Amino acid sequence: MYVQSLSLSLVPLKELVWASGEVSLFLCLRGVAMNLIVGSFEWAEKVGTFSDGAFVGINIGTDVSNMPSAPDVVAILKANQITNVRLYDADAHMLKALADSGIEVMVGVTNEEILGIGESASKAAAWINQNVAAYLPSTNITAIAVGSEVLTTIPNVVPVLVPAMNYLHKALVASNLNFQVKVSTPQAMDVIPRPFPPSTATFNSSWDSTIYQILQFLKNTNSYYMLNAYPYFGYTSGNGIFPLDYALFRSLPPVKQIVDPNTLSHYDSMFDAMVDATYYSIDALNMSGIPIVVTETGWPWLGGANEPDATADNAETFNNNMIRRVQNDSGPPSQPKFPINTYIYEMFNEDKRPGPVSEKNWGLFFTNGSSVYTFSLSTSNQITGNNSDFCVAKPNADPGKLQVGLNWACGQGGANCSAIQEGQPCYLPNTYQNHASYAYNDYYQKMHLAGATCDFDGTATTTTSNPSYGSCKFTGSSTTTPNSTGGFTPSVAPGPVSPQGGSGTTDLQVLRIQFVISSMLLALVLL
């Protein structure tokens, strides 16, 4: 739990003792009361970041063909009990759809917007009014990520990065939103040239001035350092230095355990070592006490011929082990009391992104809402993935086999395939995988009680995620029904669950208000 101590600059005791007369005593007590009020607000702001334990959220990229509608995206989030999301921009449709969902939202200032905001306080204020204040409190916006990996990707914008952060924070203060919304900027691990051993890690000296200013801003505003940490890249670029199990959070035998030779700290995962290297780099600039949030991490589930480690098995192993590790509410060896809030990269496969095959295949979900592989993002042990209820085509199943299975299901199998005919609700996307999923599921829902299986020559699998989308409604089971927006809401829709149970943000706000009110009442009594 990240809670800085409550510091109140109280009137020195000797002044109270030496003061004579009722006026002096009154002035002294008034000073105590006013300091209590100020202190209570300072304390409320400082505990607002890490009071509910660690969470695992998800990034929502949009370079996606057939991107689901914003209400459908939110329905998928709620069906899978995802409590925290990061948007790379401040999309109005998403922010409206997230209203009253209970989901905490991090919005993004795009790299293209930084220059204008960093040069104009009025533009920063307009951005806050349009993209934050306009949606609060219905949409629970809690953070602003200013750009993405600015230091390493757009160096020409670096001079105005910190001014942009300052202008945005001042606009939040002016709107009395700085208690709820924190400002930071995500950076890549590349800003640390030699991250191992963690104890000797330092930031690239050429960026020391800017990074120091960023850290000073984070400390002054009680915000946190945003880190994009990818063990996948650490492993694949390491030329065999580290074992794959180390990158996937798997336990290592004693002779292979990774130990920092300076501190003798054992690192069970590359993820922990990356986070710790960042803490040590922050300490090297004499700026301790700033917590780290991992704004991006993940593992691609499909790669090209030269990307043998991008597999569904590795992605499933990495993300499930990472989720379990984060949810134990502990930090890395150097900061064991700082839990590591983490956002998985990413929700959908961004097939429109340029680059190698792996770049397009980091998603946890397909656009129809079915999961790529089995995983659980909630603390209630609800597993999303291949275990029951809906029958869909496997990703990357052989197209020839899918065509055979589709023909059989719509013919001999007796499935009602009218919805996947041209012009009908489930025709698009016009792919064998989509059409086979619909036909397989229709057959399975009608026949599984009579002993039918979901196999179709190895091209099909079951899932608890309702694959309905938009106006395309898959035949449902008794446990899950699509909502009116074509979404994925369970029949008994569980609300977002904080790591402690219940709504963490609401509890914190109530606590904060109670503390402030108590302080104000004390002040009134003393005055």
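Model, not experiment: these values are computed from the prediction. (Residues numbered from 1 in each chain as written. Predicted model: local features only at pLDDT ≥ 70, side-chain atom pairs only at ≥ 80, totals over all residues. Heavy atoms only, no water.)

Caption draft 1: Examining the overall build of the protein more closely. Of the regular secondary structure elements, the protein holds 16 helices and 13 strands. In the protein, the share of contacts with a sequence separation of at least 24, taken over all contacts with a separation of at least 6, comes to 70%. As displayed, the protein has an accessible area near 22500 Å², and 54% of this comes from carbon and sulfur atoms. (Helix = DSSP H or I, 4+ residues; strand = E, 2+ residues; numbered from the N terminus. Contact = heavy atoms within 4.5 Å. Areas by Shrake-Rupley, 256 points an atom, 1.4 Å probe, with all protein chains shown as cover.)

Caption draft 2: Region of interest: the packing of helix α8 (residues 158–174) against helix α9 (residues 208–220). Axis separation between α8 and α9 bottoms out at 10 Å; the angle between their running directions is 10°. Classed by the angle they form, the pair α8 and α9 counts as roughly parallel. Within the contact between the two elements, α8 uses V158, L161, V162, M165, N166 and H169 and α9 uses T210, Q213, I214, F217 and L218. Classifying every residue of the contact of α8 with α9 by side-chain character gives 7 nonpolar, 4 polar and no charged. (Axes fitted to C-alpha atoms, helices over the stretch in contact; angles between N-to-C directions. Parallel < 35°, antiparallel > 145°, perpendicular 65-115°, else oblique. Nonpolar A, V, L, I, M, F, W, Y, C, P; charged D, E, K, R; others polar.)

Caption draft 3: The environment of T311, seen in detail. Mapped onto the fold, T311 is located in the loop between β10 (292–297) and α13 (312–326). Overall, the relative accessible area of 25% leaves T311 in the partly exposed class. The sequence separation of T311 and W299 amounts to 12 residues, and the corresponding C-alpha distance is 8.5 Å. Contact partners of T311, with chain neighbours within four places excluded, come to W299, P300, W301 and L302. In terms of polar contacts, T311 uses its side chain to reach the backbone amide nitrogen of N314, at 3.1 Å. (Buried < 20%, exposed > 50% of the residue type's maximum accessible area, 1.4 Å probe, protein only. Polar contact = N/O pair within 3.5 Å; in protein donor to acceptor, adjacent residues only side chain to side chain.)

Caption draft 4: Local environment of the pairing of strand β3 (residues 104–109). Here β3 lies mainly inside the structure; 6 of its 6 residues are buried. A two-sided burial pattern is seen for β3, the buried positions comprising E104, M106 and G108 on one face and V105, V107 and V109 on the other. Of the pairings in the sheet, the one linking strand β2 (residues 84–87) to β3 comprises 3 bridges and is parallel in character. The residue bridging V85 from the neighbouring strand is V105, located in β3. (Pairing = 2+ DSSP bridges.)

Caption draft 5: Highlighting the state of the cysteines. Inspection of every chain in the model, using the stated rule, returns 3 disulfides. C410 shares a disulfide with C417; S-S distance 2.0 Å. One disulfide, between C410 and C417, carries an S-S torsion of -95° and so falls in the left-handed class. A residue is classified by how much of its surface remains accessible, and C410, at 31% relative accessible area, is partly exposed. Judged by relative accessible area, which is 8%, C417 ranks as buried. (Disulfide = S-S within 2.5 Å.)

Caption draft 6: Region of the structure containing the packing of aromatic side chains. This structure, assessed with the given rule, holds 24 aromatic pairs. For the pair Y438 and F474, a centre-to-centre distance of 5.1 Å together with 70° between the ring planes defines the contact as edge-to-face. Of this pair, Y438 sits in helix α15 (residues 432–447) while F474 sits in the loop between β13 (460–463) and α16 (504–526), and the two are 36 residues apart along the sequence. For the pair Y438 and F474, a shared accessibility class is recorded, and that class is buried. Every member of this aromatic cluster is reached through a ring pair, and the members are Y230, Y232, F233, F249, F271, W299, F318, Y345 and W362. (Phe/Tyr/Trp six-rings, centres within 6.5 Å; stacked < 30°, edge-to-face > 60°.)

Caption draft 7: Looking closely at the confidence of the model for the protein. When pLDDT is averaged along the protein, the result is 81; 78% of the residues meet or exceed 70. Considering only residues more than four positions removed or in separate chains, one finds that residues 1–51, a stretch of pLDDT under 50, has 73 contacts. Here residues 477–527 is modelled with pLDDT under 50, and outside its nearest four sequence neighbours on either side it reaches 95 contacts, counting other chains as well. (pLDDT = per-residue confidence, 0-100.)

Caption draft 8: Seen up close, the sheet that holds β10. Taking strand neighbours across the sheet as the criterion, the 9 strands line up as β5-β4-β3-β2-β1-β11-β10-β7-β6 in an open arrangement whose pairing is parallel. Strands with a single pairing partner mark the edges of an open sheet, and in this sheet they are β5 (182–184) and β6 (186–188). Across the sheet, the mean angle separating the axes of adjacent strands is 25° when strand polarity is ignored. In terms of strand pairing, strand β4 (residues 140–146) meets β5 through 3 bridges, oriented parallel. Among the inter-strand pairings, A143 is bridged to a residue of β5, identified as K182. Lying over the sheet, α13 contacts β1 (56–60), β10 and β11 (342–344), oriented at roughly 165° with respect to β11.

Caption draft 9: Focus on α15. Counted at 1.5 Å a residue, the expected span for α15 with its 16 residues is 22 Å, and the 22 Å between its end C-alpha atoms agrees. For α15, a buried count of 12 out of 16 residues is recorded, marking the element as mostly surrounded by other parts of the structure. Buried residues of α15: N434, H435, A436, S437, Y438, A439, Y440, N441, D442, Y443, Y444 and Q445, and no others. Its buried side turned inward, α15 meets β12 (390–393), α14 (399–410) and β13. (Expected span 1.5 Å × (residues − 1).)

Caption draft 10: Local environment of helix α3 (residues 70–79). The buried fraction of α3 amounts to 8 of the 10 residues, a majority that puts the element mostly inside the structure. Of all the residues in α3, the buried ones are A70, D72, V73, V74, A75, I76, L77 and A79. Of the surrounding elements, those touching the buried residues of α3 are β1, β2 and α4 (92–97). Positive backbone phi, at 55°, marks Q81, one or two positions downstream of α3.

Caption draft 11: Quick look at the nonpolar core. Counting 108 residues, the largest nonpolar core has L77, W127, V132, I144, L215 and Y225 as its most contacted members. With residues up to four places along the chain from it excluded, the contact list for W127 reads A90, V107, G108, V109, E113, I117, V132, I144 and L168. Among the nonpolar cores identified, the runner-up in size contains 24 residues, and L406, A439, C454 and Y469 belong to it. (Core = buried A, V, L, I, M, F, W, Y, C linked by side-chain atoms within 4.5 Å.)

Caption draft 12: Fine view of the packing of α14 against α15. At a closest axis distance of 9 Å, the pairing of α14 and α15 adopts a crossing angle of 35°. Two packed elements cross with a definite hand, and for α14 against α15 that hand is left-handed. Contacts between α14 and α15 involve P399, K401, L402, Q403, G405, L406, W408, A409 and C410 from the first element and Y432, Q433, H435, A436, A439, Y440 and Y443 from the second. Classifying every residue of the contact of α14 with α15 gives 11 nonpolar, 4 polar and 1 charged. (Left-handed = near helix turned anticlockwise from the far one by under 90°.)

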